Amino acid sequence: QGKGLFATKNIRKGETVFVEKPVVSSQFLWNALYNYRACDHCLRALETAEENAQRLLGKSSLVLPHPEQCSIRKDLHQQCPRCQVTYCSAECRQAAWEQYHQVLCLGSARDDPMHPLNKLQEAWRNMHYPPETSSIMLMARMVATVKQAKDKEWWIKAFSQFCSKTANEEEEIVHKLLGDKFKGQLELLRLLFTEALYDERLSRWFTPEGFRSLFALVGTNGQGIGTSSLSQWVHACDALDLPMVQREELDAFIDQLYKDIEKESGEFLNCEGSGLYVLQSCCNHSCIPNAETSFPENNFLLHLTALEDIEAGEEICISYLDCCQRERSRHSRHKILRENYLFTCSCPKCLAQADDADVTSDEEEEGEGETDDAELEDEMTDV
């Protein structure tokens with residue numbers, strides 16, 4: 001698990017513990033195929049709420065009420081003049097350029113399949129598309145950030161703060177991320193990664209052992225980042241002061257919209273990418289967490305919020321499992337945590353259930369296998 005994070009003062013339920021910007025973040029490649037979906041730097045949604053709902057519903061004629069509650073400002077969107085990557089603002093375009101984009105900008109080669117970066121991205125898509133968990137481009141941005149930095153040692157030290165594993169643990173993580181063919185796939189990725197980004201100052205990251213370690217670091221510490229203009233619109237609508245009849249009509253419309261989206265697109269997921277967060281990565285897991293992460297500003301700013309009162313000196317814990325997984329038996333929870341995060345949980349809930357039989361429910365037995373694996377992959381970035 002992480003290093004552990006402890007409250008320095010009394011924190012009340014519902015209070016924001018901290019707001020954190022990632023050291024580095026990146027869109028998932030499947031999302032980056034559609035430049036209109038999210039800012040390439042802060043991952044703020046670029047679609048309006050109506051466009052978001054139309055795409056998920058597969059219905060271009062859908063009209064959302066109260067369009068003024070959508071906060072997307074398309075008039076502020078900008079593209080990199082060289083490669084046409086899209087940003088939500090001039091500030092994000094400049095921040096990306098100054099931190100990593102000079103190295104990663106494809107320029108006129110953006111459509112050249114033989115460009116080393118395009119070859120790397122295409123190889124990753126073929127291995128892991130979709131769903132995506134850790135992102136090869138998050139690793140690329142780590143390298144690009146160091147290559148562009150004036151104070152390279154500061155950035156190398158910043159990345160070294162994240163939890164690393166032993167060689168055996170790293171191999172387990174990479175195997176989990178890439179599947180049965182992971183050794184051959186990992187070597188192909190390493191060769192393409194080296195062709196695209198090699199830097200003598202970071203030579204260790206390009207060796208077989210160093211690349212596996214980097215890959216495992218991202219897989220273990222990467223936090224999924226979820227942004228959604230539709231979700232923002234719904235929250236804004238919830239806050240409207242409306243007459244009772246109008247409120248009931250709007251709530252019914254929103255409820256039906258989500259039901260229709262789930263029927264058309266499956267469970268509504270808004271994870272756009274992943275990032276490395278120093279404080280968040282220190283948080284250990286508990287099956288009864290006292291805090292949770294969210295992205296209420298519709299960008300990569302992570303908010304950690306208390307789910308209950310937390311006293312000074314008490315450990316702040318999040319859950320690496322989703323709500324449904326936390327309701328499973330201790331045996332099932334431990335199985336997921338061992339396979340994905342390589343530890344056995346000893347939180348109060350698990351200790352209280354220590355004498356429970358090591359069996360899963362009939363429902364879990366039926367759901368294990370292919371469906372379970374898909375669920376586990378989705379969870380890999382939520383560390």
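This one's a predicted model, so the numbers in the text were calculated from it and none came from an experiment.

Caption draft 1: Spatial organisation of the packing of aromatic side chains. Following the criterion strictly, the structure yields 10 aromatic pairs and no others. Between Trp155 and Phe159 the ring centres are 6.0 Å apart and the planes differ by 40 degrees, which places this aromatic pair in the tilted class. Of this pair, Trp155 and Phe159 both sit in helix α6 (residues 152–160), 4 residues apart, roughly one helical turn. Each member of the pair Trp155 and Phe159 is classed as buried. An angle of 55 degrees between the planes, with centres 6.5 Å apart, marks the rings of Tyr277 and Phe295 as tilted. With Tyr277 in the loop between β6 (271–276) and β7 (284–285) and Phe295 in the loop between β8 (291–294) and β9 (302–306), this residue pair connects regions lying 18 residues apart in the sequence. Note on Tyr277: relative accessible area 0%, which makes it buried. According to the relative accessible area criterion, Phe295 is buried, its value standing at 12%.

Caption draft 2: Broad picture of the sheet that holds strand β1 (residues 16–20). What the 3 strands build is an open sheet, ordered β1-β9-β8; its pairing is antiparallel. What marks the edges here is a single partner per strand, and that holds for β1 and β8. The sheet shows a mean angle of 15 degrees between the axes of neighbouring strands, direction not considered. Strand direction decides the pairing type here: β8 and β9, joined by 4 bridges, are antiparallel. Opposite Glu292, over in β9, you have Thr305 as the bridge partner.

Caption draft 3: Here's a closer look at the environment of Glu47. Positionally, Glu47 belongs in the loop between α1 (29–32) and α2 (49–57). Along the chain, Glu47 and Ile72 lie 25 residues apart, while their C-alpha atoms are 7.2 Å from each other. Side chain to side chain, Glu47 and Arg55 meet in a polar contact 2.7 Å long.

Caption draft 4: Broad picture of the environment of Val218. The topology assignment puts Val218 in helix α9 (residues 208–221). Given the relative accessible area of 2%, Val218 is considered buried. Along the chain, Val218 and Gln79 lie 139 residues apart, while their C-alpha atoms are 28 Å from each other.

Caption draft 5: Structural detail: the packing of helix α8 (residues 182–197) against α9. In contact at an axis separation of 10 Å, α8 and α9 are set at 100 degrees when each is read in the N-to-C sense. Viewed along their axes, α8 and α9 adopt a mutual orientation that is roughly perpendicular. The segment α8 lies against α9, with Leu186, Leu189, Arg190 and Phe193 engaging Pro208, Phe211, Arg212, Leu214 and Phe215. Classifying every residue of the contact of α8 with α9 by side-chain character gives 7 nonpolar, no polar and 2 charged.

Caption draft 6: Quick look at the confidence of the model for the protein. Averaged over every residue, the pLDDT of the protein is 88; the share at 70 or more is 90%. Across the protein, element-level confidence peaks in helix α3 (residues 90–104) with a mean pLDDT of 98 and bottoms out in helix α16 (residues 370–379) with 42. The model gives residues 368–383 a pLDDT under 50, and that stretch makes 52 contacts with residues more than four places away or in other chains.

Caption draft 7: Region of interest: the pattern of salt bridges. Taken as a whole, this structure holds 14 salt bridges when the rule is applied. For Asp40, the salt bridge goes to Arg141, with nearest N and O atoms at 2.7 Å. Of this pair, Asp40 sits in the loop between α1 and α2 while Arg141 sits in helix α5 (residues 136–148); the two residues are 101 residues apart in sequence, bridging distant segments of the chain. A residue is classified by how much of its surface remains accessible, and Asp40, at 10% relative accessible area, is buried. In this structure, the salt-bridge partner of Arg212 is Glu171, at a minimum N-O distance of 3.5 Å. You can see Arg212 sitting in helix α9 and its partner Glu171 sitting in helix α7 (residues 167–178), a full 41 residues away along the chain. Looking at Glu171, the relative accessible area reads 32%, which means it is partly exposed. Connected via shared salt-bridge partners are Arg12, Asp309 and Glu311.

Caption draft 8: Focus on the packing of α7 against α8. Two elements in contact, α7 and α8, have axes whose closest approach is 9 Å; the angle formed by their N-to-C orientations is 90 degrees. Taken together, the axes of α7 and α8 are roughly perpendicular relative to one another. In this structure, α7 contributes Glu171, Val174, His175 and Leu178 to the contact, and α8 contributes Phe182, Lys183, Gln185, Leu186 and Leu189. Considered class by class, the residues forming the contact of α7 with α8 number 5 nonpolar, 2 polar and 2 charged.

Caption draft 9: Expanded view of the domain arrangement of the protein. Split by domain assignment, the protein resolves into domain 1 (5–21 + 225–328) and domain 2 (24–224). Put simply, the middle of domain 1 and the middle of domain 2, counted by C-alpha atoms, are 23 Å apart. Each partner contributes residues to the interface: domain 1 has 36 residues there, and domain 2 has 40 residues. Interface area lost by domain 1 to domain 2 is led by Glu272, Ser274 and Leu276, which between them contribute 23%. Run the count over domain 1 and domain 2 and you get 0 salt bridges. Summed over the shared surface of domain 1 and domain 2, the number is 16 residue pairs in polar contact (both at pLDDT 80 or more). Counting only elements with at least two residues in the side of domain 1 that touches domain 2, the list comes to β5 (223–226), α10 (229–238), α11 (244–265) and β6. The dominant element in the side of domain 1 that touches domain 2, judged by the number of residues it contributes, is α11, at 7 residues.

What counts as what
Residues numbered from 1 in each chain as written. Predicted model: local features only at pLDDT ≥ 70, side-chain atom pairs only at ≥ 80, totals over all residues. Heavy atoms only, no water. Phe/Tyr/Trp six-rings, centres within 6.5 Å; stacked < 30°, edge-to-face > 60°. Helix = DSSP H or I, 4+ residues; strand = E, 2+ residues; numbered from the N terminus. Buried < 20%, exposed > 50% of the residue type's maximum accessible area, 1.4 Å probe, protein only. Pairing = 2+ DSSP bridges. Axes fitted to C-alpha atoms, helices over the stretch in contact; angles between N-to-C directions. Polar contact = N/O pair within 3.5 Å; in protein donor to acceptor, adjacent residues only side chain to side chain. Parallel < 35°, antiparallel > 145°, perpendicular 65-115°, else oblique. Contact = heavy atoms within 4.5 Å. Nonpolar A, V, L, I, M, F, W, Y, C, P; charged D, E, K, R; others polar. pLDDT = per-residue confidence, 0-100. Salt bridge = Lys/Arg side-chain N within 4 Å of Asp/Glu carboxyl O. Domains from an automatic or database assignment. Buried area = accessible area lost by both parts, 1.4 Å probe.

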